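Coordinate inspection notes
Chain by chain, the residues:
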Amino acid sequence: MKVFVIGIGLIGGSMVLDIKALYPEATIYGIDNNEKHLQQALELGVIDIAATMEDLHEADFVIVSVPVNVALGLLPQVLDLVGENAIVLEVGSTKNPICKAIANHPKRRNFIATHPIAGTEFSGPLAALRNLFRDKTNIICEVEKTAFKLQEKALEVFKSLGMRIRYMDPKSHDKHIAYVSHLSHISSFMLGKTVINKEKHEQDIFDMAGSGFESTVRLAKSSPAMWTPIFEQNKAQVLESLEEYISNLTQFRDLLVQDDYNAIYDEMTSVNKIREILNGISVKK
Ligand code: NAP
């Protein structure tokens, strides 16, 4: 099995690390426009061979794992270059624009649109991890548009990586993910900004920062190169979620101004049910 990964960072790198371990017969070819990442991936053993787009005709399995704006232009080229029996998957955090971009491509049936809901705040091949996808959800969109035999091939790999599969149409994916992922990143970035701005004048503030601050602001370490195009591509859904979030923040501020601590208590009590929701998610895993 010749597996090509285009974009050898956190997601693509982690995926091929597992594939390498689980399929010893697989050879991993890496393509990346960042020469340093290519060298690191070779040194770390994330890939076996550095390749170019011209080699893609040999591929059995192609993972496209680049920022979502890059994927829009790159994916049609990849489909042009692969053979009739290759399966090409893309792992970007938005799904509607990419599904639209290749909707009429003659090799649409060679493509499977996915979003593995797994990750960290780190980037590049040094961030690649074994078992990143174990017990995580992989959202697959428009599966009926992928050739059945190629679906089976991809699903076998997802299953061996330990992923749970959820099927969704691309518009629903982008709407739901705006709330549970894109909004969380904005919230973390802006919390980080608020504290950094304050710290300019109050040096002690970080001495007092505990694990609560650290876990809430963790996502603010994420790559702007990856996140700016995600917000651009999912602008309408992100704006909708942001409006609702701002309205909740404003409401909370108003309760505080009004000294309405009973309402604040009740508000927090009702949101405490997030515990059961999150426990339910880990039980399902
Ligand atoms: P990453 O660690 O930054 O890796 C992306 C790699 O692609 C980098 O080496 C990057 O090089 C390279 N690249 C950029 N443009 C390229 C091009 N034209 N041709 C070839 N390589 C190119 O990013 P990641 O976190 O793995 O994310 C990859 C994809 O997965 C994104 O679409 C993202 O939305 C999605 N995703 C991310 C997460 C997460 O938590 N991080 C979770 C699920 C899905 P440079 O660094 O030089 O640009």
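Each chain has its residues counted from 1, running along the sequence as written. Side-chain atom pairs in this predicted model are given and counted only at pLDDT of 80 or more, local residue features only at pLDDT of at least 70, and totals for whole chains, interfaces and linings cover all residues.

The name given to the chain in an unreviewed UniProt entry is Prephenate dehydrogenase, with the source organism recorded as Flavobacterium seoulense.

**Some points on the overall build of the chain**
Formally: By definition, any uninterrupted DSSP run of H or I lasting at least four residues is a helix, any uninterrupted run of E lasting at least two residues is a strand, and each is numbered from the N terminus. For this measure, only C-alpha atoms enter the radius of gyration; the expected value for a globule follows 2.2 Å times N^0.38, where N is the number of residues. By the convention adopted here, residues make contact when the C-beta atoms placed from their backbones lie within 7 Å.
Each helix and strand counted, the chain has 11 helices and 8 strands in total. Scaling as 2.2 N^0.38, a compact globule of 285 residues should have a C-alpha radius of gyration of about 19 Å, and the chain matches this with 21 Å. Dimensions of the chain, computed from C-alpha atoms along their principal axes, come out at roughly 65 × 40 × 35 Å. Put simply, 73% of the contacts in the chain that link residues at least 6 apart link residues at least 24 apart.

**Thoughts on the domain arrangement of the chain**
As a reminder of what qualifies: Throughout the structure description, domain borders are defined by an automatic or database domain assignment. Basically, the charged four are Asp, Glu, Lys and Arg, the nonpolar ten are Ala, Val, Leu, Ile, Met, Phe, Trp, Tyr, Cys and Pro, and anything else, Gly included, counts as polar.
Domain annotation for the chain reports domain 1 (2-168) and domain 2 (173-284). Here the C-alpha centroids of domain 1 and domain 2 sit 30 Å apart. Taken together, the 14 residues of domain 1 in the interface contact 15 residues of domain 2. Tallied by class, the residues present in the side of domain 1 that touches domain 2 amount to 6 nonpolar, 6 polar and 2 charged.

**Quick word on the site of the ligand**
Inclusion rule: Any residue whose C-beta atom, as placed from the backbone, lies within 6 Å of a molecule or strand is termed near it.
Among the 31 residues in the neighbourhood of the ligand, the closest are listed as G7, G9, N34, S93 and G119. Across the shell around the ligand, the residue classes break down as 16 nonpolar, 14 polar and 1 charged. Split by domain, the shell around the ligand shows at least three residues from each of two domains, domain 1 (2-168) and domain 2 (173-284).

**A few points about the nonpolar core**
For clarity, the threshold we go by: Linking buried Ala, Val, Leu, Ile, Met, Phe, Trp, Tyr and Cys residues through C-beta atoms within 7 Å yields a set, and such a set is a nonpolar core. To assign burial, the other C-beta atoms lying within 10 Å of each residue's own C-beta are counted, with C-beta atoms placed from the backbone; 20 or more indicates buried, 12 or fewer indicates exposed, and intermediate counts indicate partly exposed.
Of all hydrophobic cores here, the largest spans 56 residues; its most connected members are F4, V5, V62, V64, V78 and V88. The leading source of residues in this core is helix α3 (residues 68-81), at 7 residues. Residues in contact with V78, not counting those within four places in the same chain, are I6, L56, V62, V64 and V88.

**A few points about the pairing of strand β8 (residues 164-168)**
This is how it is decided: DSSP bridges decide pairing: two strands pair if at least two such bridges lie between them. Crossover handedness is defined by viewing with both strands directed away from the observer: a clockwise path from the first strand over the helix to the second marks the crossover as right-handed.
Pairing geometry for strand β7 (residues 137-141) and β8, over 5 bridges, is parallel. What sits directly across from N138, in β8, is I165. Tracing the backbone out of β7, into helix α5 (residues 148-160) and back to the parallel element β8 gives a crossover that is right-handed.

**Focus on the environment of P116**
Summarising the element assignment, P116 is placed in strand β6 (residues 111-116). Sequence separation between P116 and G12 is 104 residues, and the spatial gap between their C-alpha atoms is 11 Å. Beyond its immediate sequence surroundings of up to four residues, P116 is in contact with I11, V91, F133, K136, N138 and M163.

**Thoughts on unusual backbone geometry**
The phi dihedral of D135 is positive, around 65°, even though this residue is not glycine. Mapped onto the elements of the fold, D135 is located in the loop between β6 and β7. Judged by the 12 C-beta atoms lying within 10 Å of it, D135 is exposed. The backbone of D259 shows a phi angle near 55°, a positive value even though the residue is not glycine. For D259, the position within the fold is in the loop between α9 (235-257) and α10 (261-271). The exposure class of D259 is exposed, given the 9 C-beta atoms found within 10 Å.

**Here we look at the packing of helix α6 (residues 170-199) against α9**
Two packed helices can be described by the angle between their axes and the distance between those axes. The following threshold applies: Each axis is a line fitted through C-alpha atoms, and for a helix only the stretch in contact is used; angles between axes span 0 to 180 degrees, taken between their N-to-C directions. Any angle from 65 to 115 degrees is called roughly perpendicular, while one under 35 is roughly parallel, one over 145 is roughly antiparallel, and all others are oblique. Crossings are assigned a handedness: left-handed for a near helix turned anticlockwise from the far helix by less than a right angle, right-handed for a clockwise turn.
Where α6 contacts α9, the axes come no closer than 9 Å and their chain directions differ by 60°. By the angle between their axes, α6 is oblique relative to α9. Classified by chirality, the crossing of α9 by α6 is right-handed. On α9, the residues touching D174, K175, A178, Y179, H182, L183, I186 and S187 of α6 are Q237, V238, S241, L242 and Y245. Looking at the contact of α6 with α9 residue by residue, the classes come out as 7 nonpolar, 4 polar and 2 charged.

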